[in-house]
Amino acid sequence: DSGVTQTPKHLITATGQRVTLRCSPRSGDLSVYWYQQSLDQGLQFLIQYYNGEERAKGNILERFSAQQFPDLHSELNLSSLELGDSALYFCASSVRDRMNTEAFFGQGTRLTVV
Amino acid sequence: QQPVQSPQAVILREGEDAVINCSSSKALYSVHWYRQKHGEAPVFLMILLKGGEQKGHEKISASFNEKKQQSSLYLTASQLSYSGTYFCGTVPNAGGTSYGKLTFGQGTILTVHP
């Protein structure tokens with residue numbers, strides 16, 4: 001158990017809908033990272049938050065947004081969902097704002113868009 | 001930009017050794033290695049930092065050539081439990097918020113047979 005909690009574990013929704021994925025980082029970790037993993041794209045970095053502020057941005061679509069709350073949990077919002085958004089979404093956390101230490105991954109949320 | 005891993009797949013018998021390579025076209029701040037078993041979260045193996053510092057599990061060894069932006073993961077005396085997909089992740093040495101941007105390669109599938 002990495003200490004990173006993601007909910008829900010599975011999500012099935014229709015195209016055009018909006019969903020929210022939740023992540024609770026390890027105790028004491030201030031950074032949260034979101035990744036999308038699909039079969040043909042591998043692990044794609046989406047976005048990083050550190051202590052409530054956006055720090056680094058990857059290939060995150062405009063239909064996707066994220067935030068980190070004062071209690072440090074984070075939410076990834078996916079809207080106007082398309083079939084291609086079906087993937088495993090991972091959240092990871094680390095202590096610092098820079099990647100000079102290990103990141104701990106949650107078990108992921110499997111999103112299926114039908 | 002995504003690092004490039006080679007080989008794409010390796011098949012071993014227990015006790016054999018393997019090397020997985022990772023290269024980037026950018027100057028790097030750090031290189032990270034993770035192993036992921038099917039349907040599970042990636043698990044941290046090793047981090048190699050610019051300047052020579054390394055942190056990781058005792059049984060794992062890796063190298064980082066800063067001048068060539070290349071890293072190699074060495075798996076010796078392989079065990080069945082080593083099977084999985086190995087991901088190399090790189091963080092660019094571009095200053096500022098780029099230090100939080102961990103980008104993964106496409107992965108190397110390692111299969112260890114009895």
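Right, let's walk through the structure included here. (Residues numbered from 1 in each chain as written. Chains lettered and ligands numbered in written order. Predicted model: local features only at pLDDT ≥ 70, side-chain atom pairs only at ≥ 80, totals over all residues. Heavy atoms only, no water.)

**Details of the pattern of salt bridges**
A side chain of one charge can pair with a side chain of the opposite charge if their charged atoms are brought near each other.
Residues and elements named next belong to chain A.
Phase 1 of the analysis: Per the stated rule, a full pass over the model turns up 4 salt bridges over all chains.
Phase 2 of the analysis: A salt bridge links D29 to R26, with the shortest nitrogen-to-oxygen separation between them at 3.0 Å.
Phase 3 of the analysis: When its relative accessible area of 1% is taken as the criterion, D29 is described as buried.
Phase 4 of the analysis: You can call R26 partly exposed: its relative accessible area is 25%.
Phase 5 of the analysis: Among the ionic pairs, R63 bridges to D85, the shortest N-O distance being 2.8 Å. On the criterion of sequence distance, the pair formed by R63 in the loop between strand 6 (53-57) and strand 7 (64-68) and D85 in the loop between strand 8 (74-78) and strand 9 (87-94) is long-range, its members being 22 residues apart. (Salt bridge = Lys/Arg side-chain N within 4 Å of Asp/Glu carboxyl O. Buried < 20%, exposed > 50% of the residue type's maximum accessible area, 1.4 Å probe, protein only. Helix = DSSP H or I, 4+ residues; strand = E, 2+ residues; numbered from the N terminus.)

**Examining the interface of chain A and chain B**
Phase 1 of the analysis: With 26 residues of chain A at the contact, the number on the chain B side is 22 residues.
Phase 2 of the analysis: Both faces considered, chain A and chain B share a buried interface measuring about 1900 Å² in area, 56% of it formed by carbon and sulfur atoms.
Phase 3 of the analysis: Together, A:L43, A:M99 and A:F105 form the three largest contributors to the area buried by chain A at its contact with chain B, with a combined 29%.
Phase 4 of the analysis: Taken together, the links from chain A to chain B amount to 0 salt bridges.
Phase 5 of the analysis: The tally of links between chain A and chain B comes to 8 residue pairs in polar contact (both at pLDDT 80 or more).
Phase 6 of the analysis: Of all elements in the fold, only strand 4 (31-38), strand 5 (42-50) and strand 6 of chain A reach the threshold of two or more residues within the side of chain A that touches chain B.
Phase 7 of the analysis: It is strand 5 of chain A that provides the largest number of residues to the side of chain A that touches chain B, a total of 5 residues. (Contact = heavy atoms within 4.5 Å. Buried area = accessible area lost by both parts, 1.4 Å probe. Polar contact = N/O pair within 3.5 Å; in protein donor to acceptor, adjacent residues only side chain to side chain.)

**Details of the sheet that holds strand 1 (residues 4-6) of chain B**
All names here are of chain B.
Phase 1 of the analysis: In space, the 4 strands of this open sheet follow the order 1-3-8-7, with antiparallel pairing throughout. What marks the edges here is a single partner per strand, and that holds for strand 1 and strand 7 (61-65). Each neighbouring strand pair of the sheet contributes to a mean axis angle of 15°, computed without reference to strand direction.
Phase 2 of the analysis: Bridge count between strand 7 and strand 8 (residues 70-75): 5 bridges; the pairing is antiparallel. When the bridges of strand 8 are listed, S63 appears paired with S72. (Pairing = 2+ DSSP bridges. Axes fitted to C-alpha atoms, helices over the stretch in contact; angles between N-to-C directions.)

**Some details on the state of the cysteines**
Phase 1 of the analysis: All told, the structure shown has 2 disulfides over all chains when counted by the stated rule.
Phase 2 of the analysis: Each sulfur of the disulfide joining A:C23 and A:C91 lies 1.8 Å from the other. Note on the A:C23 and A:C91 pair: the S-S dihedral is about -45°, so by sign convention the disulfide is left-handed. Separated by 68 residues along the polypeptide, A:C23 in strand 3 (residues 19-24) and A:C91 in strand 9 bring together distant segments of the chain. Accessibility classification places A:C23 together with A:C91 in one group, the buried group.
Phase 3 of the analysis: The disulfide that involves B:C22 links it to B:C88, with 1.8 Å between the sulfurs. Here B:C22, found in strand 3 (residues 18-23), pairs with B:C88, found in strand 9 (residues 84-92); they are 66 residues apart in sequence, far enough to count as distant. Grouping residues by exposure puts B:C22 and B:C88 together as buried. (Disulfide = S-S within 2.5 Å.)

**A few points about the packing of aromatic side chains**
Phase 1 of the analysis: The tally for this structure, following the rule as stated, stands at 10 aromatic pairs over all chains.
Phase 2 of the analysis: Here the aromatic rings of A:Y35 and A:F105 are separated by 5.7 Å at their centres, their planes lie at 45°, and the arrangement is tilted. Of the two residues, A:Y35 is situated in strand 4 and A:F105 in strand 10 (residues 104-105); the sequence distance between them amounts to 70 residues. Judged on exposure class, the residue A:Y35 and its partner A:F105 are both buried.
Phase 3 of the analysis: Plain terms: the ring middles of B:Y34 and B:F104 are 5.7 Å apart, the flat faces sit at 80° to each other, and that makes the pair edge-to-face. Placement of B:Y34 in strand 4 (residues 28-36) and of B:F104 in strand 10 (residues 103-104) is noted, with a sequence separation of 70 residues between them.
Phase 4 of the analysis: Relative accessible area serves as the criterion here: at 0%, B:F104 is assigned to the buried category.
Phase 5 of the analysis: One aromatic cluster is present, formed by A:Y35, A:F45, A:F90, A:F105, B:Y34, B:F44, B:F87 and B:F104 through successive ring pairs. (Phe/Tyr/Trp six-rings, centres within 6.5 Å; stacked < 30°, edge-to-face > 60°.)

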